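One letter stands for each residue in the lines below.
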Amino acid sequence: MTICRQGKGKRMISFKHVSKHYPNGTTAVDDLSLELPEGDITVLVGSSGCGKTTTLRMVNRMVEPSSGTVSVGGRDILEADAAELRRGIGYVIQQAGLFPHRTILDNIATVPLLLGWGRRKARARAAELLELVGLPAGSGKRYPHQLSGGQQQRVGVARALAADPPVLLMDEPFGAVDPVVRTQLQNELLRLQSELRKTVVFVTHDIDEAVRLGDRIAIFRTGGHLVQCAPPAELLASPADDFVAGFLGAERGLKLLSLSTLADVPQEPAPADDGTDRWRLVTSGRGEPLGWRDTEGPDGDEAPLLPVRPLRDTDSLLSALDESLASPAGLVARVDADGVLTGVTGRDRIHEHAGRRHAEAGRASAVKAAAPDSDASVTA
Ligand code: ADP
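Numbering of residues starts from 1 in each chain and follows the order in which that chain's sequence is written. Selection of residues for local features in this predicted model requires a pLDDT of at least 70, selection of side-chain atom pairs for listing and counting requires 80 or more, and totals for whole chains, interfaces and linings are taken over all residues.

Bringing the domain arrangement of the protein into the picture now. The start and end points of each domain follow an automatic or database-based domain assignment. Each domain of the protein was delimited in the assignment, giving domain 1 (2-252) and domain 2 (262-354). The distance between the C-alpha centroids of domain 1 and domain 2 comes to 40 Å.

Our focus in this paragraph is the sheet that holds strand β9 (residues 199-204). The pairing criterion is simple: DSSP has to find at least two bridges between the two strands. Going along the chain from the N terminus, every DSSP run of H or I of four or more residues is numbered as a helix, and every run of E of two or more is numbered as a strand. Taken in spatial order, the six strands of this open sheet run β7-β8-β9-β4-β10-β11, and their pairing is mixed. Each having just a single partner strand, β7 (89-93) and β11 (225-230) make up the two edges of the open sheet. Across the sheet, the mean angle separating the axes of adjacent strands is 15 degrees when strand polarity is ignored. Note that strand β8 (residues 167-171) and β9 share five bridges and pair parallel. Bridged to Leu 168 within β9 is Val 200. Each residue is represented by a C-beta atom placed from its backbone, and any two residues with such atoms within 7 Å are regarded as in contact. In this description, a line fitted to the C-alpha atoms serves as the axis of each element, helices being fitted only across the stretch in contact, and the angle between N-to-C directions of two axes falls anywhere from 0 to 180 degrees. The strands touched by helix α6 (residues 149-161) within the sheet are β7 and β8, with β7 carrying the most contacts at an inclination of about 165 degrees.

Nearness here has a simple definition: the residue's C-beta atom, placed using the backbone, must lie within 6 Å of the molecule or strand. With respect to spatial proximity, the complete set of residues near the ligand consists of Tyr 22, Asn 24, Thr 26, Ala 28, Gly 46, Ser 48, Gly 49, Cys 50, Gly 51, Lys 52, Thr 53 and Thr 54. Residue composition of the shell around the ligand, by class: three nonpolar, eight polar and one charged. In this classification, the charged set is Asp, Glu, Lys and Arg, the nonpolar set is Ala, Val, Leu, Ile, Met, Phe, Trp, Tyr, Cys and Pro, and all remaining amino acids, among them Gly, are polar.

Attention now goes to the environment of Val 111. If you trace the backbone, Val 111 turns up in helix α4 (residues 110-114). In this structure, the C-alpha to C-alpha distance between Val 111 and Ser 139, residues 28 residues apart in sequence, is 19 Å. In this structure, Val 111 is in contact with Ala 162 and Ala 163, ignoring residues within four places of it in sequence.

Below, the discussion takes up the pairing of β8. With C-beta atoms placed from the backbone, a residue is labelled by how many other C-beta atoms lie within 10 Å of its own: buried for 20 or more, exposed for 12 or fewer, partly exposed between the two. Counted residue by residue, β8 has four buried out of five residues, so it is predominantly covered. Alignment of β7 against β8, held across five bridges, turns out to be parallel. Paired with Gly 90 across the bridge in β8 is Leu 168.

As a further point, take the pairing of strand β13 (residues 289-294). Sheet analysis places strand β12 (residues 279-283) next to β13, joined by five bridges and oriented antiparallel. Residue pairing for β13: Val 282 is matched across the bridge by Gly 291. The loop that links β12 with its antiparallel partner β13 comprises five residues; one of these, Gly 287, has a positive phi angle of about 95 degrees.

It is worth spelling out the packing of α6 against helix α7 (residues 179-196) at this point. Interaxial distance between α6 and α7 falls to 10 Å at its minimum, and their mutual angle equals 20 degrees. Judged on the interaxial angle alone, α7 and α6 are roughly parallel. Viewed along their axes, α6 and α7 form a crossing whose handedness is right-handed. Taking contact as the criterion, the partners of Gly 149, Gly 150, Gln 153 and Arg 154 in α6 are, on α7, Val 181, Gln 184, Leu 185 and Glu 188. When grouped by side-chain class, the residues that make up the contact of α6 with α7 number two nonpolar, four polar and two charged. Small angles under 35 degrees read as roughly parallel and large ones over 145 as roughly antiparallel, with 65 to 115 read as roughly perpendicular and the rest as oblique. Rotating anticlockwise by less than a right angle from the far helix to the near helix defines a left-handed crossing, while the corresponding clockwise rotation defines a right-handed one.

In this structure, Asp 164 is a non-glycine residue whose phi angle is positive, near 55 degrees. Mapping Asp 164 onto the fold places it in the loop between α6 and β8. At Arg 197, a residue that is not glycine, the phi angle is positive and equals roughly 50 degrees. Looking at where Arg 197 falls in the secondary structure, it is placed in the loop between α7 and β9. Judged by the 13 C-beta atoms lying within 10 Å of it, Arg 197 falls in the partly exposed class.

For this entry, the nonpolar core is defined as buried Ala, Val, Leu, Ile, Met, Phe, Trp, Tyr and Cys residues connected by C-beta atoms within 7 Å. One finds Val 59, Ile 108, Ala 158, Ala 162, Leu 169, Val 201 and Ile 217 to be the most contacted residues of the largest nonpolar core, which totals 90 residues. Split by domain, this core shows at least three residues from each of two domains, domain 1 (2-252) and domain 2 (262-354). Not counting the four nearest positions on each side in its chain, Ala 162 is found in contact with Ile 108, Ala 109, Val 111, Pro 112, Arg 125, Ala 126 and Leu 129.

The next point concerns the confidence of the model for the protein. On average, residues of the protein carry a pLDDT of 86, and 91% of them reach 70 or more. One number per residue, pLDDT, summarises how confident the predictor is, and it ranges from 0 to 100. Confidence drops under a pLDDT of 50 for residues 372-380, and excluding neighbours within four residues, the segment shows 20 contacts in the predicted structure.

What follows deals with the environment of Leu 56. Turning to its location among the elements, Leu 56 is positioned in helix α1 (residues 52-59). Among the residues examined, Leu 56 registers 21 C-beta atoms within 10 Å and is labelled buried. Considering only alpha carbons, one finds Leu 56 and Asp 164, 108 residues apart in sequence, at a separation of 19 Å. Among residues more than four places away in sequence, those in contact with Leu 56 are Leu 44, Leu 169, Asp 171, Val 201 and Val 203.

In this section: the sheet that holds strand β3 (residues 27-37). Taking strand neighbours across the sheet as the criterion, the four strands line up as β3-β2-β5-β6 in an open arrangement whose pairing is antiparallel. Every other strand in the sheet has two partners, leaving β3 and β6 (75-76) as the edge strands with one partner each. Sheet topology note: the strand β2 (residues 11-21)/β3 ladder contains seven bridges and is antiparallel. Bridge pairing in β3 places Phe 15 opposite Leu 34.

Expected helix span is taken as 1.5 Å per residue step, with the number of steps being one fewer than the number of residues. Here α7 contains 18 residues, and its C-alpha end-to-end distance of 25 Å stays within 8% of the 26 Å for a straight helix at 1.5 Å per residue. Taken as a whole, α7 has its buried residues at Arg 182, Leu 185, Leu 189 and Leu 192. The buried residues of α7 all sit within an arc of 85 degrees when viewed along its axis, so they share a single face. In α7, the exposed positions that point more than 90 degrees away from the buried face belong to Pro 179, Val 180, Leu 190, Ser 194 and Glu 195. Where the residues of α7 are buried, they touch α5 (119-132), α6 and α8 (207-213). Backbone geometry just after α7 places Arg 197 at a positive phi near 50 degrees. Picture the helix axis, draw a direction to every C-beta atom, and the arc is the one those directions span.

Laid out in structure tokens, this is it:
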């Protein structure tokens, strides 16, 4: 059995010794104990058939547990009225599941109308949500087939949020869109979440998606066993066993760097324009980096600019490592929120910090092994 106890926030969803057996003998979920804090995104991850969807659907009683207790907001869901329970729980599925013959606005207004809000108020709320999920106001009058897959998925999210439920269940919501749109939708979800702070349960089989989105990740193994539940950095630093390590993949260290930011890496002034440095960082009148110029090349000041990808404090150490390798000067150009140059950081500095981050993770892992009952995650 694996118990997951994390953070100090109030528990919004709790599974206590929950199992689900189907009449054909399948055990979809096996003795699951898991507590999900309010306002966090918990990602359930694992290969196909390991019980993620069953776990998710037990939260809104689409599937009822065979044994054990599932509580939402401190209340056993079997004691709640199913319709009332679901009003407080938004549900987003792959390919959005929109009603094809209703306009986008009417799709989004579905739950408010069911709640008896009245047409005007429901439509006004739908229009507000359309904007919140980044869709143009004009798309409200369209029908689902007239939107792209990514736009339909945004509508699905808007519909789930319409009655402002505290809990959002998302079952492989971005599984059917291409990688570029998927990244956009992931960013949108993070942006929305920073405003709305819903308690989100998110199912995926994609570990990179889990690392990007999750405040914590619960890894399942076939047979409905929860193997480990921990924040992404901790999971990457100290996987509970070989199964988890294998699932996280060979590039665990790089994934870990994707979670650290450039913020605490020092910067220095950009190379001076006085001929002492070979590479000059050319900037616009406003101070935005435009490119690198090789002052020792045959063309001197006429030399073409080589590309620069300026980074902000909020960018990851992984991006910094990448840019430090791509930069002809071996320097990462750093900018503020307005894109104006603040300084540069050298390749060696980035390497040093990336290495330190790696080592710290290794130490955290060693400490955890020595004190397995710490509050962060417990595996038994
Ligand atoms: P996942 O979401 O991780 O892919 P599921 O939760 O959908 O996994 O399924 C877990 C297991 O339960 C699978 O073996 C699946 O075939 C089985 N299962 C799901 N629903 C039913 C059902 N209604 N009847 C019988 N077996 C089911």
